[in-house]
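Residues per chain, in single letters:
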Amino acid sequence: MDATIKSIRPNKPSDRQPESRPAELDPSEFLAAAVRADQPRPARADAEQAVKTLLAYIGENTNREGLLDTPRRVVEAFDELYQGYHQCPAEVLDRTFGETAGYDDFVLVRDIEFTSQCEHHMMPFYGKAHIAYTPVERVVGLSKLARLTDIFARRLQTQEHMTAQIAAAIDEILKPRGVAVLIEAEHTCMSVRGVAKHGASTFTSRFTGMFRDNPAEQARFLSLVRGLQR
Ligand SMILES: Nc1nc2c(ncn2[C@@H]2O[C@H](COP(=O)(O)OP(=O)(O)OP(=O)(O)O)[C@@H](O)[C@H]2O)c(=O)[nH]1
Ligand SMILES: [Zn+2]
């Protein structure tokens, strides 16, 4: 069969994965810092040299005055944008409070702004995360949900993976009755290059526990996120 025709053939049922549930995440990626001990880190000078190579690749004169400090600045910017590899989600959610007597509903933190970098093009995608969880006895400081979002955002990501990681970390560490995560974002790899569609938003969600099992709770979460906005 012609390769082009074969590549656009719709999936037959037999092509689909037999199990439709998403693959489990490896706990090491959402509980601990992500830096790999078995993978030596290149020297900073090598990273700066790599930036110089890219500058030469695009046709720049790497010795002109305006670019002399650029390799250093770019590596410093990388340190900032990718600091999440060195941060540990479990530590952020470690501190909880027990003075929540009588509270038995979910806690929702809405509109957590973030910027991440897509792992396909290393270009920013940015938007808002909305996170709810239903605590069992102990609650976590509200800012920690934003800190957790930043840890995962400051790594190379797909939006789907980041959504799943945030939910999995809260689920595993706080062991709540359920977690709901909704992320809306714009991907610059889709707006300023490639297909060049400004303003297209991507929505991803992940529900666990009572949010997964109870459509009414899911709907309540979604209406609080969407209905009360702006
Ligand atoms: N599912 C998903 N896709 C993403 C994400 N970020 C970027 N992408 C997509 O990754 C895809 C990579 O597609 P490729 O065909 O391998 O790369 P490309 O030739 O640069 O694709 P174009 O962007 O269409 O020009 C593109 O469709 C991007 O829109 C993400 O977070 N999730
Ligand atoms: Zn991309």
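The name recorded for the chain in an unreviewed UniProt entry is GTP cyclohydrolase 1, from Bradyrhizobium canariense. Of the comments in the UniProt record for the chain, the one headed Pathway (unreviewed entry) reads "Cofactor biosynthesis; 7,8-dihydroneopterin triphosphate biosynthesis; 7,8-dihydroneopterin triphosphate from GTP: step 1/1." UniProt lists a comment for the chain under the heading Catalytic activity (unreviewed entry), and it reads "GTP + H2O = 7,8-dihydroneopterin 3'-triphosphate + formate + H(+)".

S.K.: Outline the domain arrangement of the chain, listing residues and values.
M.R.: Looking at the chain, the domain boundaries give domain 1 (44-81) and domain 2 (87-227). Taking only C-alpha atoms, the centre of domain 1 and the centre of domain 2 are 33 Å apart.

S.K.: Give me the UniProt feature "domain: GTP cyclohydrolase I" (unreviewed entry) in the chain: which residues, what numbers.
M.R.: Taking the UniProt record as the reference, the feature "domain: GTP cyclohydrolase I" (unreviewed entry) is found at residues 48-225. Counting secondary structure, residues 48-225 comes out at 42% helix and 26% strand; the distance between its end C-alpha atoms is 43 Å.

S.K.: Go over the packing of helix H6 (residues 142-153) against helix H7 (residues 159-174), please, and point to the residues and values.
M.R.: Packing of H6 against H7 brings their axes to within 10 Å, and their N-to-C directions diverge by 135 degrees. Put simply, H6 runs oblique to H7. Of the two possible hands of crossing, H6 and H7 adopt the one that is right-handed. Of H7, the residues touching H6 (which contributes Leu-145, Leu-148, Thr-149, Phe-152 and Ala-153) are Met-162, Gln-165, Ile-166, Ala-169 and Ile-170. Broken down by class, the residue content of the contact of H6 with H7 amounts to 8 nonpolar, 2 polar and no charged.

S.K.: So what about the coordination of the zinc ion (ligand 2)? Which residues, and what values?
M.R.: The coordination sphere of the zinc ion (ligand 2) contains the protein donors Cys-118 (SG), His-121 (ND1) and Cys-189 (SG), at a distance range of 2.0 to 2.3 Å. Read from N- to C-terminus, the donor residues coordinating the zinc ion (ligand 2) fall into the pattern C-x2-H-x67-C. Remark: Cys-189 occurs in helix H8 (residues 188-191) and His-121 occurs in the loop between strand S2 (107-118) and strand S3 (124-134); sequence separation between them is 68 residues. Here His-121 falls in the partly exposed class, since its relative accessible area comes to 36%.

S.K.: An account of the sheet that holds S2 is requested, with residue identities and associated values reported.
M.R.: What the 5 strands build is an open sheet, ordered S5-S2-S3-S6-S7; its pairing is mixed. Two strands close off the open sheet at either side, each with one partner strand: strand S5 (156-157) and strand S7 (202-208). With 2 bridges joining them, S2 and S5 adopt parallel strand pairing. Residue Gln-117 lies in a different strand from S5, and its bridge partner there is Leu-156. The strands that H7 touches are S2, S3, S5, strand S6 (178-187) and S7; relative to S6, the one it contacts most, it runs at about 155 degrees.

Calculation rules
Residues numbered from 1 in each chain as written. Chains lettered and ligands numbered in written order. Predicted model: local features only at pLDDT ≥ 70, side-chain atom pairs only at ≥ 80, totals over all residues. Heavy atoms only, no water. UniProt positions renumbered as here; feature names shortened; annotations may be inferred. Domains from an automatic or database assignment. Helix = DSSP H or I, 4+ residues; strand = E, 2+ residues; numbered from the N terminus. Axes fitted to C-alpha atoms, helices over the stretch in contact; angles between N-to-C directions. Parallel < 35°, antiparallel > 145°, perpendicular 65-115°, else oblique. Left-handed = near helix turned anticlockwise from the far one by under 90°. Contact = heavy atoms within 4.5 Å. Nonpolar A, V, L, I, M, F, W, Y, C, P; charged D, E, K, R; others polar. Donors = N, O, S within 2.8 Å, 3.2 Å for Na, K, Ca; no water. Buried < 20%, exposed > 50% of the residue type's maximum accessible area, 1.4 Å probe, protein only. Pairing = 2+ DSSP bridges.

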